[in-house]
Amino acid sequence: MLEIKRVGVVGAGTMGNGIAHVCARAGLDVVLCDVQQGFLDRAVAAIEKNLAREVAKGKLTAQQSDEAKAKIATSLTMNALGDCDLVIEAATEKFAVKAEIFRDLDRILMPGTILATNTSSISITKIAAETERAERVIGMHFFNPVPVMQLVEVIRGLATSQYTFAAVEALAVRLGKAPVEVNDAAGFVSNRVLMPLINEAAYAVMEGVATAEAVDKVFVLGMAHPMGPLTLADFIGLDVCVDIMRVLAEGLGGPKYNPCPLLVRMVDAGWLGRKSGRGFYTYPQ
Ligand SMILES: NC(=O)c1ccc[n+]([C@@H]2O[C@H](COP(=O)([O-])OP(=O)(O)OC[C@H]3O[C@@H](n4cnc5c(N)ncnc54)[C@H](O)[C@@H]3O)[C@@H](O)[C@H]2O)c1
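Residue positions within a chain follow its written sequence, with the count starting from 1. Note on the predicted model: pLDDT of at least 70 is required for a residue's local features to be given, and 80 or more for side-chain atom pairs to be given and counted; whole-chain, interface and lining totals, by contrast, use all residues. Values reported for side chains reflect all heavy atoms of the structure, with hydrogen atoms and water molecules removed beforehand.

**Let's talk about the overall build of the protein chain**
Note the following rule: The helix count covers DSSP runs of H or I at least four residues long, the strand count covers runs of E at least two residues long, and both are numbered beginning at the N terminus. Here's how the labels work: a residue is buried when its accessible area is under 20% of the maximum for its type, exposed when over 50%, partly exposed in between, all with a 1.4 Å probe on protein chains only. We call two residues in contact when some of their heavy atoms are within 4.5 Å. A 1.4 Å probe and the Shrake-Rupley method give the accessible areas. Residues count as covered only by the protein chains that appear here. By the counting scheme adopted, Arg and Lys are positive, Glu and Asp are negative, and His together with the chain ends is not counted. Every charge is mapped onto a representative atom, which is NZ of Lys, CZ of Arg, CG of Asp or CD of Glu.
Each helix and strand in the protein chain was counted, giving 11 helices and 8 strands. Here the C-alpha coordinates of the protein chain stretch approximately 55 × 45 × 35 Å along the principal axes. Among the 285 residues that make up the protein chain, the fraction classed as buried is 46%. Looking at the protein chain alone, contacts between residues at least 24 apart form 67% of all its contacts between residues at least 6 apart. Surface exposure of the protein chain reaches about 13500 Å², of which carbon and sulfur atoms provide 56%. Of the side-chain charges in the protein chain, 28 are positive and 31 negative, and the distance between the mean point of each set is 4 Å.

**Brief notes about the side chain of Ser-161**
Looking at the element boundaries, Ser-161 is found in the loop between strand E7 (151-156) and helix H6 (162-174). A residue is classified by how much of its surface remains accessible, and Ser-161, at 19% relative accessible area, is buried. Beyond its immediate sequence surroundings of up to four residues, Ser-161 is in contact with Glu-135 and Arg-156.

**Overview of a positive patch on the surface**
To keep it simple, the criterion reads: Without a salt bridge and with relative accessible area above 30%, a residue can belong to a patch; like charges are then joined within 9 Å and nonpolar side chains (Val, Leu, Ile, Met, Phe, Trp, Tyr) within 5 Å. Criterion for a salt bridge: a side-chain nitrogen of Lys or Arg within 4 Å of a carboxyl oxygen of Asp or Glu.
A cluster of like positive charges, contributed by Lys-49, Arg-53, Lys-57 and Lys-59, occupies part of the molecular surface. In this structure Arg-53 comes out as partly exposed when scored by relative accessible area, which is 43%.

**Digging into the UniProt feature "domain: 3-hydroxyacyl-CoA dehydrogenase NAD binding" (unreviewed entry) in the protein chain**
Here is the rule we go by: UniProt positions are given in the numbering used here, feature names are shortened, and annotations may be inferred rather than shown by experiment.
Taking the numbering used here, the UniProt-annotated feature "domain: 3-hydroxyacyl-CoA dehydrogenase NAD binding" (unreviewed entry) corresponds to residues 7-184. Counting secondary structure, residues 7-184 comes out at 41% helix and 22% strand; the distance between its end C-alpha atoms is 24 Å.

**Notes on helix H4 (residues 95-108)**
Definition in use: The span you would expect from a helix comes to 1.5 Å times its residue count less one.
Taking 1.5 Å as the rise per residue, H4 with 14 residues should run 20 Å; its terminal C-alpha atoms sit 20 Å apart, in good agreement. Lys-98, Ala-99, Ile-101, Phe-102, Leu-105, Asp-106 and Ile-108 are the residues of H4 that are buried. On its buried face, H4 is in contact with strand E1 (6-10), strand E4 (86-89), strand E5 (114-117), helix H5 (124-128) and strand E6 (137-142).

**A few points about the packing of helix H10 (residues 238-252) against helix H11 (residues 261-268)**
Counted only if it meets this: Each axis is a line fitted through C-alpha atoms, and for a helix only the stretch in contact is used; angles between axes span 0 to 180 degrees, taken between their N-to-C directions. Our angle categories are set so that under 35 degrees counts as roughly parallel, over 145 as roughly antiparallel, 65 to 115 as roughly perpendicular, and the remainder as oblique. Should the near helix be turned anticlockwise from the far one by less than a right angle, the crossing is termed left-handed; should it be turned clockwise, right-handed. The nonpolar class holds Ala, Val, Leu, Ile, Met, Phe, Trp, Tyr, Cys and Pro. Asp, Glu, Lys and Arg form the charged class, and all remaining residues, Gly among them, are polar.
The contact between H10 and H11 brings their axes to 9 Å, and the two run at 135 degrees. With respect to each other, H10 and H11 are oriented oblique. Note on packing geometry: the crossing formed by H10 with H11 is left-handed. From H10, Leu-238, Asp-239, Val-242 and Arg-246 reach across to H11, where they touch Leu-263, Val-264, Met-266 and Val-267. Looking at the contact of H10 with H11 residue by residue, the classes come out as 6 nonpolar, no polar and 2 charged.

**Some points on the pattern of salt bridges**
As enumerated under the stated definition, the model contains 11 salt bridges in all. Between Glu-89 and Lys-98 there is a salt bridge, with its nearest N and O atoms 2.5 Å apart. By relative accessible area, Lys-98 is classed as buried at 1%. Connected through shared salt-bridge partners, Glu-89, Glu-93 and Lys-98 make up one network.

**Quick notes on the UniProt feature "domain: 3-hydroxyacyl-CoA dehydrogenase C-terminal" (unreviewed entry) in the protein chain**
As recorded in UniProt, the sites labelled "domain: 3-hydroxyacyl-CoA dehydrogenase C-terminal" (unreviewed entry) are residues 187-283. Overall, residues 187-283 shows 61% helix and 0% strand. The separation of its end C-alpha atoms is 28 Å.

**As for the packing of aromatic side chains**
Cut-off, in case you're wondering: Note on aromatic pairs: the rings of Phe, Tyr and Trp (six-membered ring only in Trp) are paired at centre separations within 6.5 Å, and the planes decide the class, stacked below 30 degrees, edge-to-face beyond 60, tilted for the rest. Look at NZ for Lys and CZ for Arg. If either is within 6 Å of the ring centre and within 35 degrees of the ring normal, a charge sits over the ring.
Per the stated rule, a full pass over the model turns up 0 aromatic pairs. Sitting over the face of the ring of Phe-165, Arg-156 holds its NZ or CZ atom 4.1 Å from the ring centroid. Geometry around Trp-271 places Arg-278 over its ring, the cationic atom sitting 3.7 Å from the centre.

**Focus: the nonpolar core**
Under the convention used in this document: Each nonpolar core is a collection of buried residues, namely Ala, Val, Leu, Ile, Met, Phe, Trp, Tyr and Cys, held together in the definition by side-chain atoms within 4.5 Å.
One finds Met-140 and Phe-142 to be the most contacted residues of the largest nonpolar core, which totals 37 residues. No other element matches the 6 residues that helix H1 (residues 14-25) contributes to this core. Residues contacting Phe-142, with those up to four places away along its chain left out, are Met-15, Ile-19, Val-22, Ile-88, Asn-118, Leu-151, Val-152 and Leu-175. Ranked by size, the runner-up nonpolar core spans 24 residues in total, among them Val-215, Met-245, Leu-262 and Tyr-283.

Below, the structure written as structure tokens:
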């Protein structure tokens, strides 16, 4: 079995900084890459803040936190990833962006190095086809916030080898996560089931069945969900929800995956949820 010691993370946004955090916390050397120094600085500041929070909660000692910080290097070029055993891509959710990154990594990395993508919806098989190593390409779908959420969907593309699957599954366990095996289909399991729930909740509001507060209360009090679907939609970003519904509609077909017109209108208005200060609820900025 491949021993993973050094991991590259491409994209230092919300997910990339969390992935770098959990890898470093598990004792791996990490090289975190992004396209601007400001993004890397922001990621390192977020990791330091989140490690400090874990120390305050007694989950980590101050020494373990310092050791984790020392494991993370940053780079503005993917050339620094040449000696990594595995690279996890967590860049912007656009096929063209990921395709270019995978073509470049295929050139830069040693032939056997495994390439994982944290995509929420794009086909692993299609991303893998951009490389000459489709058997070494796999989906490794973490959940936000990465240091807290246990699940990792491990997604096999059509060509993904058993060797690659086993190595990534073992890595997820080493990171303290619970891997779940999934095949490559639009939305995988998580978004295929969650997004239509959010979409239907938006329909209930649009059709005047209930207020957003009432819809959320039904799920919190009646189904013991930690938060209602519309609170969750605001947290994820309504633009992201609409984009994922479109991926489901394209990949799975049928009118049931069409995004709810209310969601589309809210996105047109710039009401994107928490990040814009307004979605189904308002958030002081
Ligand atoms: N946010 C979530 O809740 C969530 C959950 C699961 C999966 N994902 C997936 O994770 C990925 C990243 O999402 P995010 O929310 O962290 O996005 P984000 O916008 O916070 O971060 C993306 C980062 O990628 C960087 N980037 C773009 N092109 C790059 C390139 N060529 N080289 C290096 N870096 C590049 C951007 O500068 C940015 O810092 C997406 O595929 C998304 O679908 C997101």
